[in-house]
Amino acid sequence: MIEITDQPIHIEDQKAHLMNAKAGALVEFEGLVRNHNEGEAVSALEYEAYEPLCVIEGMKILAEAREKYQVYDVRCIHRTGLLQIGDLAVWVGATAAHRGAAFQACQYVIDQLKVRLPIWKKEHYVDRDSQWVNCQRCAQHAHGHSHGTGPFSNAEYFKSQRALSQFSKEAFDQLQGSRVLVVGSGGLGCPALTVLATNGVGHIGIADGDIVELSNLHRQNLFSINDIGQNKARQASLRLKQLNPSVKIDANEEYLDFENVNRIVKNYDLVIDCTDNFRAKYLVHDTCFFQNKPLIQASVYQWEGSIQIFADWSEGCVRCQWSEMPDLSCQGSCQEVGVMSTAPIMLGTLQANEAIKLLTNSGSSLKSRSLFVDLLTNEFHKIRRPRNPQCPLCGDVPRIAQMSPDLYQQSKEHNWEIEISVNEVSDLNSSFVCMDLRAESEIPDEYRRRGLHSFSLEEIDVQIRTNKKKIVVTCAQGIRSRRLVKKYRDQGYENVFSLKGGTNLFSSSFHNGNM
Amino acid sequence: MENEKQVKVRYFAVLREKSSQSEEVVTTAATTYRELFVELQKNYNFPLDDTQIKVAVNDAFSDLDQAIQGGEEIIFIPPVAGG
Ligand SMILES: [Zn+2]
């Protein structure tokens, strides 16, 4: 991971991303602003970077370091803007099993960064006017040029698209000014994102808390073998920046939930739902309804898929036909029922195509209809979705006047619930492990006698990642533990729960399970 | 029989999977789409009941309790969320 930032670098945060229980060595390099250069006194330094290319080139350098040396991870962060003497300008860190590899990787990365990154440095001298120095990309030219452009040209990039007679300059400018949120960067999300990013949508948001797995690669074509285990939103954003360095991307590395959905959706003009479960689909749908945001929704099943658009919410919504969220047992994930990669690639592409049409007012959209596609038989069916006056959301007398968390609850066996009640814990018999976040001295004696003990965050981390049993995290009130569990759920760990209400609600029947 | 009607039925997703076909012509004595679905559900062992699916008739979502006319194209649609 490489970051370019105009904010002060926090080394502890950087280290936190690197830390790994397997690592026997961590080597860090700190590049500081010094007070002299080639005999002249320097008062301050200004860095300017062409960020898209920095990210691409930086990713290459990091990948090379991983390839050359036996490291677990290596990352770096570079400052831009005005820095004072002594400020941290660049930081590189590498973890490895042994120190040799960590030293070598760290040195390799900083050496390569210095010569390959399109970063320019302006020195402010004590005795005379400031001057640009150390400009690698354009050392042969005198410094009369601007530093923002690099070899990338929007006009050249979009040459073929701009030749389209049905696509005016105004339409293109509209796209450049648009902000689109793609929820879920999996089977539907990857092709949708690719089309958006390479066709001129200026600002894209991605929300996904999932990580890349090997079984995703056959259809999720923004990812490669190197991305396995990494967050999908983050890896997708890096790949998209390679495809089109001029696009602005926000990677929200979390699933949308009741708490964050309004805040995130608010920032965009249009939402594309590429999720794979009813809970997320209804959550995003209802949020878009209440925020009056256009929504493009799709689902796939084996060789089939359907897509529907809600641009004008007065013409009906999903709840007009499916008033309640269907039971999860109706669903079956792509892994369970199987999916042919062509179905999500085609439907995700259609979603992005419809988004571009909506944003630029081109063609005719699918509004008020669902399109059902069967790639086994080549049957395409447009089915009219009449508005239902009895609809609980958009009907004449709506039952759902506002969103509430219970509208998006799923049955318990699917582990959507973060919290577990005392009674449910008792039902688990001994097939769980209870771990308390507090210091041993803070845990009341009676619970300690019954087997409740203090665990460090590191110990809890190891158990969540390795123990097959259910992990129940506790604290006094269940607030701290809920926050911690939420973090792991966002990373895709479903086997961990927070005790609802904390141990203050424990019944006397509590006994800890065996590890 | 006199009160039997012929309709074309299309299947999507799990319904197609269970019936092993994308479409068929059905001759039925059922009077509503709901009755027809219940009949087909028994035949093919569909894992969904009539409260979990929707019906589209001649390419528009319709009500399961509408009367079968005869000659129409009926699509039974299960909920799908894959992505
Ligand atoms: Zn509605």
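Right above here is the structure, for reference.
Rules and cut-offs
- Residue positions are given per chain, counting from 1 as you read along its sequence in written order.
- Key to labels: chains lettered from A, ligands numbered from 1, both in the order written.
- Local features in a predicted model are, by the rule used here, given only for residues with pLDDT of at least 70; side-chain atom pairs are given and counted only at 80 or more, and totals for whole chains, interfaces and linings are based on all residues.
- Hydrogens and water molecules were not included; the side-chain quantities draw on all heavy atoms of the structure.
- Secondary structure counts use DSSP, requiring at least four H or I residues in a row for a helix and at least two E residues in a row for a strand, with both numbered from the N terminus.
- Only protein chains enter the area calculation, which uses a 1.4 Å probe; residues under 20% of their type maximum are buried, those over 50% are exposed, and those in between are partly exposed.
- Should any heavy atoms of two residues lie within 4.5 Å, those residues are considered in contact.
- Reported accessibility uses the Shrake-Rupley method at a 1.4 Å probe radius. Residues are deemed covered only where the shown protein chains occlude them.
- Here the term donor refers to an N, O or S atom within 2.8 Å of the metal (or 3.2 Å for Na, K and Ca), and because water is left out of the atoms, sites may appear incomplete.
- All geometry calls rest on donor angles, where a four-donor set with angles between 85 and 135 degrees is tetrahedral, four- and six-donor sets with opposite donors more than 155 degrees apart and all others between 65 and 115 are square planar and octahedral, and all else is irregular.
- Axes here refer to lines fitted to C-alpha atoms; in helices the fit is confined to the stretch in contact. Angles between the N-to-C directions go from 0 to 180 degrees.
- Left-handed describes a crossing whose near helix is turned anticlockwise from the far helix by less than a right angle; the clockwise case is right-handed.
- For this scheme, ten residues count as nonpolar: Ala, Val, Leu, Ile, Met, Phe, Trp, Tyr, Cys and Pro. Four count as charged, namely Asp, Glu, Lys and Arg, and the remainder, Gly too, count as polar.
- Two strands make a pair as long as DSSP finds a minimum of two bridges between them.
- Buried area: the accessible surface (1.4 Å probe) lost by two parts on joining, summed over both.
- Salt bridges are counted wherever a side-chain nitrogen of Lys or Arg sits within 4 Å of a carboxyl oxygen of Asp or Glu.
- Think of a polar contact as two N or O atoms within 3.5 Å of one another; within protein, one of them needs to be a possible hydrogen donor and the other a possible acceptor, and neighboring residues in sequence only count if both atoms come from side chains.
- Crossovers are described as right-handed under a simple rule: with the strands pointing away from the observer, the path leading from the first strand over the helix to the second runs clockwise.
- By this rule the span expected of a helix is its residue count minus one, scaled by 1.5 Å.
- The directions from the helix axis to the C-beta atoms are what the arc is built from.
- Here the nonpolar core consists of buried residues drawn from Ala, Val, Leu, Ile, Met, Phe, Trp, Tyr and Cys, with membership extended through side-chain atoms lying within 4.5 Å.

Trainee: Please give an account of the overall build of chain B that cites residues and values.
Mentor: When its secondary structure is counted, chain B shows 2 helices and 5 strands. Mapped in sequence order, the helices and strands of chain B form the string β-α-β-α-β-β-β. For chain B, the residues scored as buried account for 53% of the 83 residues in total. Within chain B, contacts between residues at least 6 apart in sequence are counted, and of these 52% link residues at least 24 apart. Total accessible area computed for chain B in this model is approximately 3800 Å², and 41% of it derives from carbon and sulfur atoms.

Trainee: Describe the coordination of the zinc ion, naming the residues involved and giving the relevant values.
Mentor: Residue and element names in this part refer to chain A. All of the protein donors around the zinc ion are Cys317 (SG), Cys320 (SG), Cys391 (SG) and Cys394 (SG); their distances to the metal are 2.3 to 2.4 Å. Viewed at the metal, the 4 donor atoms of the zinc ion are separated by angles of 91 to 126°, and the geometry they form is tetrahedral. Along the chain, the residues donating to the zinc ion are arranged with the sequence spacing C-x2-C-x70-C-x2-C.

Trainee: Lay out the packing of helix α7 (residues 189-198) of chain A against helix α8 (residues 232-243) of chain A with the relevant residues and their values.
Mentor: Packed helices, taken two at a time, are described by their axes: the angle between them and the distance between them. Residue and element names in this part refer to chain A. Viewed as axis vectors pointing N to C, α7 and α8 meet at an angle of 35°, and their least axial separation amounts to 10 Å. Two packed elements cross with a definite hand, and for α7 against α8 that hand is right-handed. Of α8, the residues touching α7 (which contributes Leu193, Thr194, Ala197 and Thr198) are Ala236, Leu240 and Leu243. A class-by-class count of the residues in the contact of α7 with α8 yields 5 nonpolar, 2 polar and no charged.

Trainee: Before we move on, can you summarise the sheet that holds strand β7 (residues 88-96) of chain A with the specific residues and values?
Mentor: Residues and elements named next belong to chain A. In space, the 4 strands of this open sheet follow the order β1-β5-β7-β2, with mixed pairing throughout. Two strands in the sheet have a free side with no partner beyond their single neighbour: β1 (2-5) and β2 (25-32). Strand-to-strand, the axes of this sheet are offset by a mean angle of 10°, without reference to chain direction. With 4 bridges joining them, β1 and strand β5 (residues 71-79) adopt parallel strand pairing. Considered in β5, the bridge of threonine 5 is made with arginine 79. Across the face of the sheet, helix α1 (residues 11-18) comes into contact with β1, β2, β5 and β7 while running at roughly 25° to β7.

Trainee: So what about the interface of chain B and chain A? Which residues, and what values?
Mentor: With 25 residues of chain B in contact, the opposing surface of chain A contributes 33 residues. Considering only the surface of chain B that becomes buried against chain A, Phe61, Ala81 and Gly83 of chain B emerge as the three largest contributors, covering 28% of it. The tally of links from chain B across to chain A stands at 3 salt bridges. For glutamate 304 of chain A, the salt bridge is made with arginine 16 of chain B, and the minimal N-O distance between the two is 2.5 Å. Inspection of the region where chain B meets chain A yields 14 residue pairs in polar contact (both at pLDDT 80 or more). Among the elements of the structure, α1 (13-19), β3 (54-57), β4 (60-62) and β5 (73-77) of chain B are those that each provide at least two residues to the side of chain B that touches chain A. Ranked by the residues each element gives to the side of chain B that touches chain A, the list is headed by α1 of chain B, at 4 residues. Of the residues belonging to the side of chain B that touches chain A, the class tally is 14 nonpolar, 4 polar and 7 charged.

Trainee: Would you mind going over the pairing of strand β14 (residues 295-301) of chain A in detail, with residue names and values included?
Mentor: All names here are of chain A. The buried count for β14 comes to 7 of 7 residues, which makes it a mostly enclosed element. Here β14 shows a buried face lined by Leu295, Gln297, Ser299 and Tyr301 and a second buried face lined by Ile296, Ala298 and Val300. Handedness of the crossover is the feature at issue here: the chain leaves strand β13 (residues 270-273), passes through helix α10 (residues 278-291), returns alongside β14, and the resulting connection is right-handed. With 7 bridges connecting them, β14 and strand β15 (residues 304-310) associate as antiparallel partners.

Trainee: Which residues make up helix α2 (residues 33-44) of chain B, and what are the values?
Mentor: Residue and element names in this part refer to chain B. Helix length check: α2 (12 residues) gives 16 Å between terminal C-alpha atoms against 16 Å at 1.5 Å per residue, within 8%. Within the span of α2, buried status applies to Tyr33, Leu36, Phe37, Leu40 and Gln41. Summarising the axial view, the buried residues of α2 lie within an arc of 140°, below the 170-degree limit, and thus occupy one face. Looking at the packing, one finds that the buried side of α2 touches β1 (5-11), α1, β2 (23-28), β3, β4 and β5.

Trainee: So what about the pattern of salt bridges? Which residues, and what values?
Mentor: For the structure on display, the rule yields 32 salt bridges over all chains. What emerges from the salt-bridge pattern is a single network uniting Glu379 of chain A together with Lys8, Arg10, Glu23 and Glu73 of chain B.

Trainee: How would you sum up the nonpolar core? Please name residues and give values.
Mentor: Core analysis: the largest hydrophobic core is formed by 61 residues, its most contacted members being Leu256 and Val271 of chain A together with Val9, Leu36, Leu40, Phe76 and Ile77 of chain B. Of the residues forming this core, the biggest block, 6 residues, is contributed by α10 of chain A. When neighbours within four sequence positions are excluded, phenylalanine 76 of chain B is seen to be in contact with Val9, Arg10, Phe12, Leu15, Tyr33, Leu36, Phe37, Leu40, Ile53, Lys54, Val55 and Leu64 of chain B. Within the second largest apolar cluster, 44 residues are counted, among which are Ala171, Leu193, Ala298 and Ile307 of chain A.

Note that every value here comes from positions in space, so none of it alone points to a role or purpose.
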